[in-house]
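Okay, here's what each chain looks like letter by letter:
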Amino acid sequence: MRIGVYICQVGSALADEAALEAVAHYAANLPQVESVRPLGSLPTIDPDALAEEIAAARLDAIVIAGDSPGFFKPAFTRAMALADADPEQVRLASFREHGGVTQDSSERAKSILACAVYGVPFPLAAVPKETRTNAATLVIGAGISGIQTALEIADAGKRVYLVERTGTIGGHMAMFDKTFPTLDCAACILTPKMVSVGQHEMIDLLTYSEVEAITGSPGAYKATVLRNARRVDEESCVACGICSDVCPVSVPSEFDAGIATRKAIYIPFPQAVPAAYLVDESACTYVQSNGKKCGACAKKCPKDCIDLDAHGDVLQIEIGNVVVATGYDVLDAHRIEQYGYGTHPNVLTALEFERLTNASGPTGGRIVLKTKRLNKRKKAEEWVFDPEGPSPRSVAIIHCVGSRDANFNAYCSRVCCMYSLKFAHLVKEKLPDATCYEFYIDMRAFGKGYDEFFQRIKAEGTFVMRGRSGTITEHDGQMIVRGEDIISDKMMEFPVDMVLLAVGLVPAARSDQLAWMLGIPRDEAGWFAEADYNADPTGTERGGVYVAGMCQAPKDIPDTVAQASAVAARVLKTIVTGKGVDSLESLSLEDIETRAKSLATV
Amino acid sequence: MALRINPKLIDELEVYGAEDVSKCYHCGNCSAVCVHSSDPYVFPRRSMRNLQMGLEDKLKGGLEPWLCYYCGECSEQCPREAEPGETMMSLRRWLTSRYDWTGISRLFYRSWRWEVGAILLVGFLTALGFLLFGFSQGSITHYNGSNAFLPSSKIHVFDWTLAMLLLAVLLSNAARMWWYTVGRDRSVKVPMKSYITKAYLLPAHFITQMRYAKCARKTPWLTHLVLMLSYLTMLVLIMFFLSKMASGPKIDWYVHIFGYLATVGLVVGSVLFLRNRLRKSSAQYTHSHESDWLFLVLLLVVTLTGISQSILHHSGVDVAANIMYVVHLSVVVPMLALEVPFGKWSHLAYRPLAMYFADVRAEGLTRREPASVPSEGLRAA
């Protein structure tokens, strides 16, 4: 067989000439390879010219190598047909798909190319050696995916260390009011799971803690966990709340997305697990003054469980597998100036609205407008949510804020369309007389029951308009949203009282540090890279390190739970058999090539 | 009416500067941010769509590109970097070449080599002509008087002949523009009365550029207005007061003060725009077509040669002044004869005309439509 290799020089793996040359040289020395030709970056391929080339070189098979070689496949298939060769014999060597994404991955690129030349799928050839596996598992992040993975593994009777950075488990899902498209109460699904985690014998729950270092090798990792000083004894605290009542310091509540305040000693929310208070040392007067001022909470505590002078602790644990479930952050809406977030008081982000409409939120679930109130301490007027405040008569919901946008995030955040529709439902349900407008670009109602949900929202009387609004202006205190109704080619202007921004999602803060610590790559947007896009979406480059939930890419709750359970199954497999797999890194180019060769001859 | 599709249109427009049209995914952000986009002229997204679909006739009959002043906000906010602002600019270039029946405009926009070559040729011929004319009837040592090298009375006749010629070409192109955008469309009946009652719009838009002033950023409007008014002042001076302009070396303040103000305006305006384009200071200056450079460079060269001529004349160096006069004319004539009817300058006619047509056409449309049709999405709700 005579094989022609075409290398498309796009992206990072072959960014510099030297790397390209090395890979091309390597490819030329593979058996049966007749010709190697770089296509340059962003090539346009003329099938006719290509067909002549193929016929002249009498090629029987083609390998297209590059970041997204599938893009060029149609042109090559056509060229093969034109040259009277077998059009089926166009093989792809996708660097992006198999982890050849960084500047240092030209070895990986070579092995991917070799597999394509031998006609063997890369995941089949690149199988790392087996390792012995420790039965304990570390799960980083205790949102819905971390909780799900931890419970699945622990229910099988295996030890799980669940590390959570904040004072409670639950993550973003605990903040939500309803889930789409079923409109179930998010807390009703999540809190039983949270309680199970809190009570589980096989789960060591380490909240207010961070993984500081990970050493060792796949199957035998050692983790250093920094246990921040909670300053309240988890075991003896009964969450009576007296400490919080006497605390003089108020700061924005993270759990309420900043639309309400909490004290410096606080419990994130009443159903928090563990159900214990904690001290925010950056806000606490006592801690900040080195014990010179305040200390009121410790004096009043009836259980005597507050130790304001407590120090953090470091814990060493030995584990076999690590599950990364660190979730996401929300893009800072201030960056997108055209919508006036931070300027117009009643422009809210999605998370803020979740808390506003949540029955456990600061207004008890009443959807109200912000009202001006004098802050006596700061002696300045500020906009706050008053449960007795006026309700909005009209609400605009703007999709794709910072998503699918070359200026912010190029990717689709995947959940915004559906939660925006859910918001429209909640507005209509609570304020039947209010008008509700949705401005969308494309309606991505892709999941089970999602499109039906979209139809339902339209039937409920929400005005759903195709066309993203460009700006929000204010005339005499009335916000005006302007947009183009693309379906009828008309400009539309609506006066609205409240604007909800479906803000896109970004990788959680400090994902870069974690990626570096674990030795796993991230994609160009910063999400953790899975080992193989199609064949291994839960594993990573590193043996015994898995990704679950949003930290891998934006996904909704059902997908997150599914991925979390899938990760648990893979972890349990290694524990039950006592054997895990080593990192892909442990394989040398020769290893992969030899295995590919042996598979090809079979 | 059946729609004819030209699938090559999007490639054709690339030569005119629209390179990123196919990136557009129709979110409508550009139309929403544009202050000029309002019914029935919604743009730039619709123009992007028509381009992607190759609806040549629709685009040829569209007035939208002329209603855009390219403030650049749409391009800055565009989530796809599809450059809607530059697309509108390219469409203006393309439309100019469509309105022009001679085909010269199309040639110029598609090849700057042809354009520069034509300018050089006309410039050379002009210089040659005026030199022959000067030596045949006057003395190079005289700028004024009976023995003048280039007497203003004769130049005046030349100016008016050229002006009439240009006007004829521009008007014939403007008539084609009217036919494409208003006349051809049988579905819109514009009453004669509208044409008359709205006629005031033509000078109003021409002189004030009030639509440009609506853009969020005011500096480009102001610079453009100063440049245009200076140009207009200079034109009036040359067409009606040429003999007074040429008198001297004593300075005739009643006329010259306007000349000086206009000169300052021209220099400041063209230098500012050149600087913006060189620095790519904001979205509308990042993509410069060859025609944009030629426009500004020619304007600056004309102004600078004019200034030199004036200085030489007023300092009494008649020989040098006469030579500079010929140089000046050999830049002015190609600029006027080629750029005004066929190049970027033609927008001085098409823009106000488009706004006038847009208003009368909109009136015709309101007569046709009994009520606005609600949107598909809104109706479903």
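The rules behind each value
- Residues numbered from 1 in each chain as written.
- Chains lettered and ligands numbered in written order.
- Predicted model: local features only at pLDDT ≥ 70, side-chain atom pairs only at ≥ 80, totals over all residues.
- Helix = DSSP H or I, 4+ residues; strand = E, 2+ residues; numbered from the N terminus.
- Rg over C-alpha atoms; globule rule 2.2 N^0.38 Å.
- Buried ≥ 20, exposed ≤ 12 C-beta atoms within 10 Å, placed from the backbone.
- Contact = placed C-beta atoms within 7 Å.
- Expected span 1.5 Å × (residues − 1).
- Domains from an automatic or database assignment.
- Nonpolar A, V, L, I, M, F, W, Y, C, P; charged D, E, K, R; others polar.
- Pairing = 2+ DSSP bridges.
- Axes fitted to C-alpha atoms, helices over the stretch in contact; angles between N-to-C directions.
- pLDDT = per-residue confidence, 0-100.
- Parallel < 35°, antiparallel > 145°, perpendicular 65-115°, else oblique.
- Left-handed = near helix turned anticlockwise from the far one by under 90°.
- Core = buried A, V, L, I, M, F, W, Y, C linked by C-beta atoms within 7 Å.

### So, the overall build of chain B
Step number 1: Looking only at helices and strands, chain B features 20 helices and 0 strands.
Step number 2: For 381 residues, the compact-globule estimate of 2.2 N^0.38 gives 21 Å, and chain B sits close to it at 23 Å.
Step number 3: With respect to the principal axes defined by its C-alpha atoms, chain B has extents near 80 × 45 × 35 Å.
Step number 4: By residue count, 39% of the 381 residues in chain B fall in the buried class.

### Re the overall build of chain A
Step number 1: Within chain A, the regular secondary structure consists of 16 helices and 30 strands.
Step number 2: A globule of 602 residues ought to have a C-alpha radius of gyration of about 25 Å, and chain A, at 28 Å, matches this closely.
Step number 3: The buried share of chain A, reckoned over its 602 residues, is 50%.
Step number 4: Put simply, 70% of the contacts in chain A that link residues at least 6 apart link residues at least 24 apart.

### Some details on helix α4 (residues 106–118) of chain A
All names here are of chain A.
Step number 1: With 13 residues, α4 should cover 18 Å at 1.5 Å per step; its first-to-last C-alpha distance of 18 Å lies within 8% of that length.
Step number 2: Taken across its 13 residues, α4 has 12 buried, putting it largely inside the fold.
Step number 3: G119 sits one or two residues past α4 and shows a positive phi near 75 degrees.

### Focus on the domain arrangement of chain B
Residue and element names in this part refer to chain B.
Step number 1: Considered domain by domain, chain B is made up of domain 1 (9–99) and domain 2 (104–362).
Step number 2: The distance between the C-alpha centroids of domain 1 and domain 2 comes to 27 Å.
Step number 3: Listed as interface residues are 26 residues of domain 1 and, on the opposing side, 33 residues of domain 2.
Step number 4: Those elements giving two or more residues to the side of domain 1 that touches domain 2 turn out to be α5 (64–67), α6 (73–77) and α7 (84–99).
Step number 5: Tallying contributions element by element places α7 first for the side of domain 1 that touches domain 2, with 7 residues.
Step number 6: Among the residues making up the side of domain 1 that touches domain 2, the classes are represented as 12 nonpolar, 8 polar and 6 charged.

### As for the environment of F255 of chain A
Step number 1: Relative to the helices and strands, F255 of chain A is located in the loop between β11 (250–252) and β12 (261–263).
Step number 2: Here the alpha-carbon distance between F255 of chain A and M175 of chain A, two residues 80 residues apart in the chain, equals 6.5 Å.

### Things to note about the sheet that holds strand β4 (residues 90–94) of chain A
Residues and elements named next belong to chain A.
Step number 1: Pairing is parallel in the open sheet, where 4 strands are placed in the order β2-β1-β3-β4. In the strand order of this sheet, the two ends are held by β2 (33–40) and β4, each with one partner. On average, each strand axis in the sheet is tilted by 20 degrees relative to the strand beside it, whichever way the strands run.
Step number 2: As paired elements, strand β3 (residues 61–66) and β4 share 5 bridges and run parallel to each other. Counterpart to A65 in the pairing with β4 is A93.

### Considerations on the sheet that holds strand β9 (residues 209–217) of chain A
All names here are of chain A.
Step number 1: Ordered in space as β9-β10-β15, the 3 strands form an open sheet in which the pairing is antiparallel. Whereas interior strands pair on both sides, the edge strands pair on one side only; in this sheet they are β9 and β15 (313–319). Strand-to-strand twist of the sheet, defined as the mean angle between neighbouring strand axes without regard to direction, takes the value 20 degrees.
Step number 2: In the sheet, β9 pairs with strand β10 (residues 220–227) via 8 bridges, with the strands oriented antiparallel. The partner of S209 across the bridge, within β10, is R227.

### With respect to the interface of chain A and chain B
Step number 1: Counting residues at the interface gives 29 residues for chain A and 25 residues for chain B.
Step number 2: Where the side of chain A that touches chain B is concerned, the elements lending two or more residues are β23 (463–466), β25 (478–485) and β26 (490–496) of chain A.
Step number 3: Across the side of chain A that touches chain B, the residue classes tally to 9 nonpolar, 10 polar and 10 charged.

### A closer look at helix α17 (residues 290–314) of chain B
For an α-helix, the turn length of 3.6 residues means that residues three or four places apart are oriented alike.
Step number 1: Along its 25 residues, α17 of chain B runs 36 Å from first to last C-alpha, staying within 8% of the 36 Å computed at 1.5 Å per residue.
Step number 2: Positive backbone phi, at 80 degrees, marks G316 of chain B, one or two positions downstream of α17 of chain B.

### Describing the confidence of the model for chain B
Step number 1: In the predicted model, chain B carries a mean pLDDT of 90, and the fraction of residues at 70 or more is 96%.
Step number 2: The ipTM value of the predicted complex is 0.85, and its pTM value is 0.87.

### Side note on unusual backbone geometry
Step number 1: Looking along the chain, the bond that leaves V273 of chain A and enters P274 of chain A is cis, with omega of 0 degrees.
Step number 2: Here the bond from F43 of chain B into P44 of chain B is cis, since omega is 0 degrees, no more than 30 degrees from zero.
Step number 3: In this fold, P44 of chain B is placed in the loop between α2 (29–33) and α3 (45–53).
Step number 4: You will see that E81 of chain B, though not glycine, has its phi angle at about 50 degrees, which is positive.
Step number 5: Locating E81 of chain B in the fold gives a position in the loop between α6 and α7.
Step number 6: For E81 of chain B, a count of 13 C-beta atoms within 10 Å corresponds to the partly exposed category.
Step number 7: Phi is positive for E83 of chain B, close to 55 degrees, though the residue is something other than glycine.
Step number 8: Mapped onto the elements, E83 of chain B comes out in the loop between α6 and α7.

### A short note on the packing of α3 of chain B against α7 of chain B
All names here are of chain B.
Step number 1: In the contact formed by α3 and α7, the axes pass within 10 Å of each other and the chain directions differ by 65 degrees. With respect to their mutual orientation, α3 and α7 come out roughly perpendicular. In this structure, α3 meets α7 at a crossing whose hand is left-handed. Two secondary-structure elements touch here, α3 through R45, S47, M48 and L51 and α7 through P84, T87, M88 and L91.
Step number 2: Classifying every residue of the contact of α3 with α7 by side-chain character gives 5 nonpolar, 2 polar and 1 charged.

### Overview of the environment of G103 of chain B
Residues and elements named next belong to chain B.
Step number 1: Within the element layout of this structure, G103 appears in the loop between α7 and α8 (104–110).
Step number 2: Note on G103: 10 C-beta atoms within 10 Å, which makes it exposed.
Step number 3: Along the backbone, G103 and F342 are 239 residues apart, and their C-alpha atoms lie at a distance of 8.7 Å.

### What to know about the environment of H156 of chain B
Residues and elements named next belong to chain B.
Step number 1: Here H156 lies in helix α10 (residues 152–183).
Step number 2: A residue is classified by how many C-beta atoms lie within 10 Å of it, and H156, with 17 of them, is partly exposed.
Step number 3: Linking H156 and L242, residues 86 residues apart in sequence, is a C-alpha distance of 6.8 Å.

### Describing the pairing of strand β27 (residues 498–503) of chain A
Regular strands place side chains that alternate from one sheet face to the opposite one.
All names here are of chain A.
Step number 1: Counted residue by residue, β27 has 6 buried out of 6 residues, so it is predominantly covered.
Step number 2: Two strands pair when backbone bridges link them, and strand β18 (residues 347–349) and β27 are joined in this way by 3 bridges, in the parallel orientation. Bridge pairing links L348 to L500 in β27.
Step number 3: Both strand β21 (residues 394–401) and β27 contribute to a ladder of 5 bridges, which runs parallel. Residue A396 lies in a different strand from β27, and its bridge partner there is V499.

### Focus: the domain arrangement of chain A
Step number 1: For chain A, the assigned domains are domain 1 (3–126), domain 2 (137–228 + 312–327 + 508–584), domain 3 (242–300) and domain 4 (330–506).
Step number 2: Look at where the C-alpha atoms of domain 1 of chain A and domain 3 of chain A centre, and you get two points 60 Å apart.

### Some remarks on the nonpolar core
Soluble globular proteins: nonpolar side chains tend toward being buried together.
Step number 1: Counting residues in each nonpolar core, the largest one holds 141 residues, and the members touching the most others are L162, V324, V499 and L501 of chain A.
Step number 2: With 9 residues, the single largest contributor to this core is helix α12 (residues 416–430) of chain A.
Step number 3: Contacts of L501 of chain A, omitting those with residues within four sequence positions, involve A333, Y339, Y341, V347, L348, T349, A350, I398 and V401 of chain A.
Step number 4: In terms of nonpolar packing, the next biggest core, distinct from the first, is built from 47 residues, A32, V42, W66 and C71 of chain B among them.

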